[in-house]
Amino acid sequence: MGVSRGIRNHNPGNIDRHPGVHWHGQAADQSKDPRFVVFLAPEWGIRAIARILLTYQTARKARDGSRIDTIREIIDRWAPPNENNTGAYVRHVAELTGIDPDQVITVQDYDTMRALVVAIITHENGTQPYSDEQITAGLEQAGIFRNSPEVRL
């Protein structure tokens, strides 16, 4: 079996490219993939996952108008049912993180964010090939630090 698209693109969250949106660490040459962002290194793709999850919780709303603060609401936004088997994705992320899908969480918490990012990478790619150092570097680039009660931008 070959390397997954997300791993090849250093975009382990399979983040779609959108006109006018330029990510930190985005490769200048985006011709390798017609749909997804190509990053220069996996740490930049990991950072992007974390930044999106932070945005969901601080600036977006769930379908019912409430704050996005559960795995079910996060994955419903990340992998909408019109493109994905969202229920299976929610169950997998809940299983991998050990967090009930309807438990209120805060992604500003380092351990919670790390668990979510690792679970998303695993679900999107069928594997999680990155070292602890790479995950930590991506989270720190996103402003998420171990033993820090707040996000540093």
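Structure: see above.
What counts, and where the lines are drawn
Residues numbered from 1 in each chain as written. Predicted model: local features only at pLDDT ≥ 70, side-chain atom pairs only at ≥ 80, totals over all residues. Heavy atoms only, no water. Phe/Tyr/Trp six-rings, centres within 6.5 Å; stacked < 30°, edge-to-face > 60°. Helix = DSSP H or I, 4+ residues; strand = E, 2+ residues; numbered from the N terminus. Buried < 20%, exposed > 50% of the residue type's maximum accessible area, 1.4 Å probe, protein only. Expected span 1.5 Å × (residues − 1). Contact = heavy atoms within 4.5 Å. Salt bridge = Lys/Arg side-chain N within 4 Å of Asp/Glu carboxyl O. 1 Å grid on protein atoms, 1.4 Å probe; cavity = no way out; pocket = protein on both sides within 12 Å on 5 of 7 lines; lining within 4 Å. Points joined across faces, edges and corners; volume = space filled by probe spheres on them. Nonpolar A, V, L, I, M, F, W, Y, C, P; charged D, E, K, R; others polar. Core = buried A, V, L, I, M, F, W, Y, C linked by side-chain atoms within 4.5 Å.

1. Notes on the packing of aromatic side chains
Right, so step 1: Evaluated as defined, the whole model comprises 2 aromatic pairs.
Right, so step 2: Measuring from centroid to centroid gives 6.5 Å for Trp-23 and Phe-39, while their planes differ by 65°, and the two rings are edge-to-face. Residue Trp-23 is located in the loop between helix H1 (5-8) and helix H2 (42-59), and its partner Phe-39 is located in the loop between H1 and H2; the two are separated by 16 residues in the primary sequence. In this pair, the class of Trp-23 matches that of Phe-39, namely buried.

2. A short note on the environment of Gly-143
Right, so step 1: Relative to the helices and strands, Gly-143 resides in the segment after helix H6 (132-141).
Right, so step 2: The exposure class assigned to Gly-143 is buried, which follows from its relative accessible area of 0%.
Right, so step 3: Between the C-alpha atoms of Gly-143 and Arg-77, which are 66 residues apart in sequence, the distance is 22 Å.

3. Section: helix H5 (residues 110-125)
Right, so step 1: Helix length check: H5 (16 residues) gives 22 Å between terminal C-alpha atoms against 22 Å at 1.5 Å per residue, within 8%.
Right, so step 2: If you check which residues of H5 are buried, you get Tyr-110, Thr-112, Met-113, Arg-114, Leu-116, Val-117, Ala-119, Ile-120, Ile-121, Thr-122 and Asn-125.
Right, so step 3: Contacts from the buried residues of H5 go to H1, H2, helix H3 (71-78), helix H4 (86-97) and H6.
Right, so step 4: Looking at the residues trailing H5, positive phi occurs at Gly-126, about 80°.

4. Comments concerning the pattern of salt bridges
Right, so step 1: For the structure shown, the criterion picks out 7 salt bridges.
Right, so step 2: Here Asp-16 makes a salt bridge to Arg-35, at a shortest N to O gap of 2.6 Å. Residue Asp-16 is located in the loop between H1 and H2, and its partner Arg-35 is located in the loop between H1 and H2; the two are separated by 19 residues in the primary sequence.
Right, so step 3: Note on Arg-35: relative accessible area 37%, which makes it partly exposed.
Right, so step 4: Across the salt bridge formed by Asp-76 and Arg-63, the nearest N and O atoms sit 2.4 Å from each other. In this pair, Asp-76 sits in helix H3 while Arg-63 sits in the loop between H2 and H3, placing the two residues 13 residues apart along the sequence.

5. Re the layout of surface pockets
Right, so step 1: Approximately 560 Å³ is the volume attributed to the largest pocket.
Right, so step 2: Taken together, 20 residues line the largest pocket, and the ones lying closest to its centre are Asp-16, His-18, Tyr-56, Arg-77 and Trp-78.
Right, so step 3: Elements with a contribution of two residues or more to the lining of the largest pocket: H2 and H3.
Right, so step 4: The biggest single contributor to the lining of the largest pocket is H2, with 3 residues.
Right, so step 5: The residue inventory of the lining of the largest pocket, partitioned by class, reads 9 nonpolar, 5 polar and 6 charged.

6. A word on the nonpolar core
Right, so step 1: Core analysis: the biggest nonpolar cluster contains 38 residues, and Leu-53, Ile-74, Ile-75, Trp-78, Met-113 and Val-117 have the highest contact counts within it.
Right, so step 2: Of all the secondary-structure elements, those providing two or more residues to this core are H2, H3, H4, H5 and H6.
Right, so step 3: The element that contributes the greatest number of residues to this core is H2, accounting for 8 residues.
Right, so step 4: Once residues within four sequence positions are removed from consideration, Met-113 is found in contact with Ala-50, Leu-53, Leu-54, Val-107, Leu-139 and Ile-144.

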